[in-house]
Structure formats: structure tokens, C-alpha cells
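# A closer look at the structure
Now for the letters of each chain:
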There are 2 protein chains.
Amino acid sequence: MTPSKSRYCVIMCGGIGSRFWPFSRNEMPKQFIDFLGTGRSLLQMTVDRVRPLVSPENILLVTNLRYASIIREQLPDIPARNILAEPARRNTAPCICWAANHILARDPEASIMTLPSDHLVLKEEAFVKAMDEGMSFVEQNNALLTLGIMPTSPQTGYGYIQKGTPLADWPGIMKVKSFTEKPDIEMARFFLKSGEFFWNSGIFLWKSSSILEAFDKCDPKTAAVFAPGKTLFNTPQEENFIAHAFPSAPSISIDYAIMEKADNVFVKTVDLGWSDLGNWSALYETSERDENGNVTRNCNVLARDCHNSIFAVKGDKIIVAHDLDNFIVADTPNALLICPIDKEQLIRHDVMDISDNFGDKYL
Amino acid sequence: MTPSKSRYCVIMCGGIGSRFWPFSRNEMPKQFIDFLGTGRSLLQMTVDRVRPLVSPENILLVTNLRYASIIREQLPDIPARNILAEPARRNTAPCICWAANHILARDPEASIMTLPSDHLVLKEEAFVKAMDEGMSFVEQNNALLTLGIMPTSPQTGYGYIQKGTPLADWPGIMKVKSFTEKPDIEMARFFLKSGEFFWNSGIFLWKSSSILEAFDKCDPKTAAVFAPGKTLFNTPQEENFIAHAFPSAPSISIDYAIMEKADNVFVKTVDLGWSDLGNWSALYETSERDENGNVTRNCNVLARDCHNSIFAVKGDKIIVAHDLDNFIVADTPNALLICPIDKEQLIRHDVMDISDNFGDKYL
């Protein structure tokens with residue numbers, strides 16, 4: 001496969017990953033660390049995954065200003081000008097709108113795959129094949145396409161996409177009937193059983209022109225923030241324009257701003273061995289377990305009467321644990337977390353409390 | 001009080017304190033660390049406590065060879081020749097027999113107080129008064145005296161001493177009726193209620209000649225190990241003699257070898273605010289607790305739904321913990337322990353397992 005010159009990839013890597021504290025830190029969030037012990041950061045693995053589809057000059061990274069230097073270090077073959085550094089933390093819609101405007105200015109014919117930087121994909125060949133097919137579809141249609149993951153369990157941590165009418169000429173691609181936010185467990189079981197619902201992967205494919213048209217229609221507020229820059233994108237004036245304009249963008253997700261509203265949204269259903277690695281339980285689910293259901297990451301553990309727990313350490317260390325069931329034990333040099341897996345939604349609040357009480361020292 | 005020239009103090013500081021792993025380490029056991037955050041190690045605090053009773057030239061430290069340099073550093077005013085470095089790890093009886101022989105060679109009239117290096121005494125004035133009275137008693141009698149601590153709770157971790165007939169001339173001193181090993185909780189409650197039983201402090205007072213006579217009678221095996229060195233103690237030949245003789249001594253405690261067998265054993269009952277700090281629960285008991293019964297040592301803790309637990313850290317670190325009841329969380333740079341307080345007797349086994357599996361690295 002030779003990457004087409006008009007195919008672009010936008011990787012969103014500005015998050016702070018606070019649900020993975022204390023492993024994910026303000027200065028070095030989850031996507032930049034060798035999270036799975038493979039020797040590559042999640043971001044590097046994401047870039048490696050799209051290399052068969054897009055040449056390095058066409059891979060763009062949208063991130064927060066503070067992470068630009070980490071990215072240059074981790075991805076030396078990506079041109080520095082391809083790092084779009086947001087001057088403020090907003091949600092995915094402004095990020096995507098800026099990137100689409102920037103790329104349109106480079107190439108009016110551009111098609112874009114937009115993806116998070118911190119997901120796990122086990123079936124890389126299936127990924128490449130699905131993305132290639134999906135890109136062909138959006139290149140030939142004014143369509144917004146998302147990848148829908150075949151669910152394997154009743155996850156309550158994911159959004160779901162309900163499939164609609166299949167397209168005759170495009171196997172595996174269907175009109176989207178509805179988007180659903182994270183369901184409760186009963187609803188998730190129903191979704192799984194029905195066969196109609198797919199996990200929302202957060203991977204999007206479209207032409208630059210298609211997504212910008214959708215912004216005009218569905219999210220004119222965000223569109224208006226970038227409209228005055230039309231002649232400045234991909235010029236030396238872009239940085240200055242963004243510095244002033246970007247902070248005034250609303251903080252809104254692409255799902256809420258566009259995907260749930262537009263009438264040209266499609267889903268391609270895929271089986272990728274995918275996880276969003278969004279929290280400790282997702283990591284637990286994707287990890288190998290010992291006979292007591294325990295997962296050990298980068299540490300020596302003597303686990304006595306411990307079950308279904310995850311032990312993760314940064315650095316050479318031993319953990320001796322007794323009587324923990326369904327716990328996360330995550331240790332770093334200056335922060336230790338001990339938390340039941342089913343209470344991990346509280347970690348984000350803990351992080352806020354730490355910030356309030358101790359400043360940034362432990363974040 | 002001017003310390004008498006014939007009064008000696010022997011402090012036993014050769015233990016490895018494995019019940020306090022991972023805080024107590026092979027290279028730096030509990031007695032050498034600033035365990036209570038006072039700025040002084042437990043050993044330094046023990047020496048400070050006896051200074052009103054004994055001059056520095058008469059304070060001897062019996063320890064393992066590997067700790068001699070730590071002691072010289074922590075106690076610069078104690079003469080280096082007062083450090084008796086054991087070439088092998090034995091129990092308390094050989095340690096005490098050697099020290100008594102050594103001191104007898106220096107001074108045939110010597111009286112000795114023998115104490116552990118790692119206990120807590122809150123009432124220091126009461127300690128000095130009791131020790132002074134006790135030393136007078138043993139100086140005037142062929143008696144083996146131990147301090148019995150007024151129990152304040154039904155501890156199952158201590159040995160107990162049953163008091164017998166009081167001595168008319170020596171208020172607070174009684175003949176010992178029996179020694180009892182660590183009781184179960186029911187027995188401990190009975191002991192507490194009876195008023196007849198006292199905690200065995202492991203603090204012993206006697207003349208050199210008295211304890212050596214007792215060794216001859218009650219533990220001739222240990223006595224025989226040191227007998228050939230009679231003319232060598234306190235001479236340049238002592239070190240060489242000990243290097244060869246000491247390892248052949250049996251590993252036996254002074255309680256078992258002498259105190260439970262001799263017929264001239266007495267107890268002085270005292271209230272010292274004493275703890276042997278022998279394990280995490282003893283430390284927990286002597287520490288200030290917050291409104292949830294949690295104890296925090298040297299760390300910032302966000303404890304959510306945690307109760308009656310102890311959090312201890314070496315170094316600047318934050319702990320976030322959820323849903324721990326009656327747990328020990330003890331963290332050091334290369335070892336982390338998470339263990340229910342009521343299972344802490346297992347820590348010693350953990351330490352042995354770590355030794356078997358990983359060598360000394362984490363000990």
C-alpha cells in the first residue's frame with residue numbers, strides 16, 4: 001500500500017489522563033509513557049499503526065503546548081510543523097476543527113483519519129484494512145464515518161453506536177441510527193445481546209471539506225471561532241491567530257457537537273482487539289492474569305490471599321500484599337494509589353483534591 | 001546522680017527487626033533509624049535514657065559485626081572498644097554471657113543493666129528512678145532482676161511475669177512466681193484482670209558474678225563456650241577467641257536459658273509508658289490517631305473510607321487509599337507492604353520468602 005498524498009492523519013494527544021493517576025502525570029500523561037511495557041509509548045504505537053496508511057509528512061499531532069517537546073523527541077521523523085499546539089485545554093471539537101482547517105489549507109482534497117493517541121489495537125492488520133476501506137468511502141462520499149467496535153462484553157465505560165441501514169456497495173458500512181452515552185449495566189447487557197450496538201471507538205474518518213461543512217451546520221459557534229483565520233492557516237500567521245482565537249472556542253466534544261446531530265454519519269463495524277485503555281479496569285481486562293486473577297505490571301509481587309487485583313509499579317520494587325480483592329495498587333516514586341477497582345471513578349476526584357491541597361507536586 | 005564506677009550498661013542491638021520490614025532493613029535495622037520521627041534513632045534514644053545512670057565508658061553495645069560502623073557513627077562518645085561485635089547471629093543468652101564475662105574481666109565488682117536497643121519509654125524519669133533502685137538491689141543481693149511493666153491492655157504479643165512474695169525492704173520488688181510465653185487473647189484478658197501479671201520488658205539487672213553463676217547452674221552449655229576465654233576477656237586476644245568460640249554457642253534466649261530456671265529471679269514492677277515497638281500494631285497503639293482511627297507517619301494521605309489503619313512512608317510521597325480497614329501500608333523506595341494489622345505475624349514469613357526468591361535485594 002502506498003499512502004495517498006491527500007490522506008492525512010490527525011492524532012489527538014493533549015489529554016492529561018487523570019483516570020490513570022499516579023501513572024499518568026501532568027508532565028508526562030499516559031499517551032507518552034511505555035504503558036504496556038512494549039518499549040514504545042502509546043503515542044508511538046498509534047503512529048506506528050497508521051504508517052502503512054499515511055506518510056510521516058501527513059501525520060499531524062494536536063496537543064497541548066506543554067507536550068510539544070515530548071512529541072518531537074518521541075517522533076523525530078514527524079516534521080515539527082505538524083505539531084499543532086493548543087494554547088488552552090478544550091475538548092475534541094475545537095481540536096478537530098482547527099486540524100481540519102489547517103489541513104484544508106494545505107490540500108483542498110484532503111481526507112483525514114482522526115484518532116486518539118492512547119488506545120490499544122491488537123489486530124493491526126485488520127485495523128489497516130478497515131481504515132483503508134473507510135478512507136476510500138469518505139473520499140468518494142460526503143460522509144462522516146466512525147469505527148464501531150464489535151462489543152465482547154457489556155462494558156459500561158464506553159459510548160455505543162446503534163447501526164442502521166447497511167450500504168449495498170460498501171460492505172460493513174451502515175448508516176448510524178443513534179449514539180448512546182455510557183449505559184448502565186442492564187442496558188449494556190441488552191445492547192450486547194441485541195447485536196445492533198457497537199462501541200464508539202472515537203476514531204473518525206472524513207474529508208476536510210465534509211467535516212468543516214458539518215461544523216458550519218451543526219456547531220456554528222466552533223466554526224465561527226476559526227472562520228476569521230481562513231486565509232491564515234498553514235502560514236506564519238497561523239500561530240498568532242490560534243493563540244488569540246483558540247481560547248475562545250467552546251469546550252465541547254465532537255460526539256456532542258457533530259456526530260449526534262449530522263445526518264451524514266456512518267459507522268464501519270470492525271473487530272480490532274480494541275480497548276480505549278481508558279482506566280485501570282480496561283487495562284486489567286486486556287492483561288494476562290495469574291491463577292488468582294491478579295495482574296502484575298513491572299514489579300515483583302508476593303500476593304497472599306489477593307484476587308482479581310492489579311499491581312503496577314514504576315521502577316524496581318517489590319510489593320507484598322495480603323487480603324486484597326479487586327484492588328488497584330499503583331505505585332510511583334512520589335505517589336501511591338490503593339483503590340478498589342470498582343471505585344476507580346473516584347480517582348479523578350482524588351486528583352482534584354490533591355491539586356487543591358498540595359498543588360502540582362504530586363500530579 | 002553520679003554514675004557509679006562499677007555500674008555498666010549492656011545494650012543489645014544486633015537484631016534485624018524483620019517484623020518491621022520494609023522499614024527495618026538488613027543494612028539498617030529498626031534500632032538504627034529515626035523510627036519515631038524524633039530526630040534520634042531508637043538506639044540513640046536508649047543510650048540517652050541511661051546516661052544519668054552510667055558513664056559513656058561503661059556503656060557497651062553488643063551487635064552484629066556488620067553494624068559496628070553504624071554504631072560508631074551514631075554514638076561518637078562511646079569508646080570503640082565498648083562495641084562487642086558478634087561474628088555470628090545467636091539469640092540473647094550468648095550475647096549476655098559474653099558481655100558479662102567481658103565486664104567481669106574489667107571490674108570484678110561490676111553490676112550490669114542489660115536492655116534492648118529498640119524499645120519506647122515515655123516516662124524517662126520513672127525509668128531512671130526504677131533502674132537506680134533496681135541496681136542498688138542487685139548490687140546488694142545475688143539476684144537476677146527484671147522489670148515488669150504494669151499492663152494496660154490484654155496484649156498477646158508480650159511475655160508475662162507472675163509476681164510472687166514482695167520483699168519487705170525493697171518496695172516494688174517481688175519474687176517471680178512464673179514466666180509465661182505470649183498468651184492467647186482470653187488468657188491475656190485474665191492476666192490483665194488478675195493484677196498478678198506483668199509484661200516482660202526484657203530489661204535485666206544483675207551483678208556480673210551473679211549472672212555468670214546462673215549460667216554455670218542453668219545453662220552450662222553456653223557457659224562452657226566462654227569458659228576457655230576467662231583469661232582473654234578484655235585483652236587483645238579476646239577478638240580472636242570470640243571469632244572462633246562464639247559461633248559454637250547455642251541459639252537460645254536468656255528467658256529460656258536462665259530466667260525460667262534460676263531460683264533467684266525477682267521482678268520490679270514499674271509504669272514507664274513502655275512499648276517494645278515490636279511490631280506495627282505496637283507502633284499503631286503508641287501513635288496519635290485521627291478521627292477515623294488512622295495513623296499517618298511521614299506522609300500525606302488521602303484516606304477515603306479507611307479506618308484503624310497505619311500509613312508509613314520513607315521519603316516525600318502521597319498515598320491515596322480507599323476502603324482499607326485495619327491495614328498496614330508501609331512504603332519505602334524499593335519495597336511496599338500492604339497487610340491487615342491482624343496478619344502482621346506473617347510479615348516474617350514474607351521476608352523469608354523474599355530472601356529465598358530474590359536474595360538480599362529487597363531486605
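Treat the numbers as computed from the prediction; the structure is a model and nothing was measured.

Once that is clear, we can look at the overall build of chain A. A count of helical and extended segments in chain A gives eleven helices and 17 strands. The C-alpha radius of gyration computed for chain A amounts to 21 Å, which stays within 12% of the reference 21 Å derived for 363 residues, consistent with globular compactness. Counting only C-alpha atoms, chain A reaches 60 × 45 × 35 Å along its principal axes. Taking all 363 residues of chain A together, the buried fraction comes to 56%. Within chain A, contacts between residues separated by at least 24 positions form 67% of all contacts whose residues are at least 6 apart in sequence.

Attention now goes to unusual backbone geometry. For the bond from W21(A) to P22(A), the omega torsion is 5°, close enough to zero to count as cis. Locating P22(A) in the fold gives a position in the loop between β1 (7-12) and α1 (42-50). Although it is not a glycine, D305(A) adopts a positive phi angle of roughly 55°. Turning to its location among the elements, D305(A) is positioned in the loop between β13 (300-304) and β14 (310-313). Judged by relative accessible area, D305(A) falls into the partly exposed class, the value being 48%. If you check the backbone angles, N234(B) has positive phi at about 60° while not being a glycine.

Looking now at the pattern of salt bridges. Inspection of the entire model under this criterion finds 40 salt bridges over all chains. Among the salt bridges present, the one from R304(A) reaches D353(B), with a minimum N-O distance of 2.5 Å. Note that R304(A) is positioned in strand β13 and D353(B) in helix α11 (residues 347-358), a pairing that runs across two chains. Its relative accessible area of 27% is what places D353(B) among the partly exposed residues. In this structure, the salt-bridge partner of K343(B) is D323(A), at a minimum N-O distance of 2.9 Å.

Here we have six strands laid out as an open sheet, ordered β13(A)-β15(A)-β17(B)-β16(B)-β14(B)-β12(B), and mixed in their pairing. Two strands bound the open sheet, and with one partner strand each, they are β13 of chain A together with β12 (295-297) of chain B. Taking each pair of neighbouring strands and ignoring which way they run, the sheet shows an average axis angle of 5°. Where α11(B) meets the sheet, it contacts β13 and β15 (318-322) of chain A together with β16 (327-332) and β17 (335-340) of chain B, and its direction lies at approximately 145° from that of β13(A).

Here chain A sits on chain B after a turn of 179° about the axis and a move of 0.1 Å along it, with an RMSD of 0.1 Å. A rotation of that kind, with that shift, is consistent with a two-fold axis. No C-alpha of chain A approaches the rotation axis more nearly than that of P333(A), which lies at 3.4 Å. With an isologous cut-off of 70% or more, the 100% of interface residues of chain A that recur at the interface of chain B puts this contact in the isologous class.

All names here are of chain A. Among all positions of helix α8 (residues 238-245), only E238, F241, I242 and A245 are buried. Down the axis of α8, the smallest arc covering the buried residues is 95°, so these residues share one side. Summarising the geometry of α8, the exposed residues directed more than 90 degrees from the buried face are E239 and H244. Those residues of α8 that are buried are in contact with α3 (92-106) and α7 (220-226).

Take the packing of aromatic side chains next. Residues and elements named next belong to chain A. The tally for this structure, following the rule as stated, stands at 34 aromatic pairs over all chains. Their ring planes at 90° and their centres at 5.9 Å tell us that F233 and F241 sit as a pair that is edge-to-face. Grouped by ring-pair contacts, the aromatic residues F20, F23, F35 and W280 constitute a single cluster.

A few words on α1(A). Burial of α1(A) is extensive: eight of the nine residues sit out of reach of the surface. Those residues of α1(A) lying buried are L42(A), L43(A), Q44(A), M45(A), T46(A), V47(A), R49(A) and V50(A).

All right, on to the interface of chain A and chain B then. Contact with chain A, which involves 36 residues of that partner, is made by 36 residues of chain B. Around 2,900 Å² of area is buried between chain A and chain B when both sides are counted, 58% of it from carbon and sulfur atoms. Seen at the junction of chain A and chain B, the total is twelve salt bridges. The partner of D316(A) in a salt bridge is K361(B), and the shortest N-O contact between them spans 2.9 Å. Joining chain A to chain B, the criterion identifies 30 residue pairs in polar contact (both at pLDDT 80 or more).

Considering every residue of chain A, the mean pLDDT works out to 93; 99% of them sit at 70 or more. Per the prediction output, this complex has pTM 0.82; the corresponding ipTM is 0.81.

Here is what the cut-offs are and how they apply
Residues numbered from 1 in each chain as written. Chains lettered and ligands numbered in written order. Predicted model: local features only at pLDDT ≥ 70, side-chain atom pairs only at ≥ 80, totals over all residues. Heavy atoms only, no water. Helix = DSSP H or I, 4+ residues; strand = E, 2+ residues; numbered from the N terminus. Rg over C-alpha atoms; globule rule 2.2 N^0.38 Å. Buried < 20%, exposed > 50% of the residue type's maximum accessible area, 1.4 Å probe, protein only. Contact = heavy atoms within 4.5 Å. Salt bridge = Lys/Arg side-chain N within 4 Å of Asp/Glu carboxyl O. Pairing = 2+ DSSP bridges. Axes fitted to C-alpha atoms, helices over the stretch in contact; angles between N-to-C directions. Least-squares fit on C-alpha atoms with pLDDT ≥ 70 in both. Arc of directions from axis to C-beta. Phe/Tyr/Trp six-rings, centres within 6.5 Å; stacked < 30°, edge-to-face > 60°. Buried area = accessible area lost by both parts, 1.4 Å probe. Polar contact = N/O pair within 3.5 Å; in protein donor to acceptor, adjacent residues only side chain to side chain. pLDDT = per-residue confidence, 0-100.

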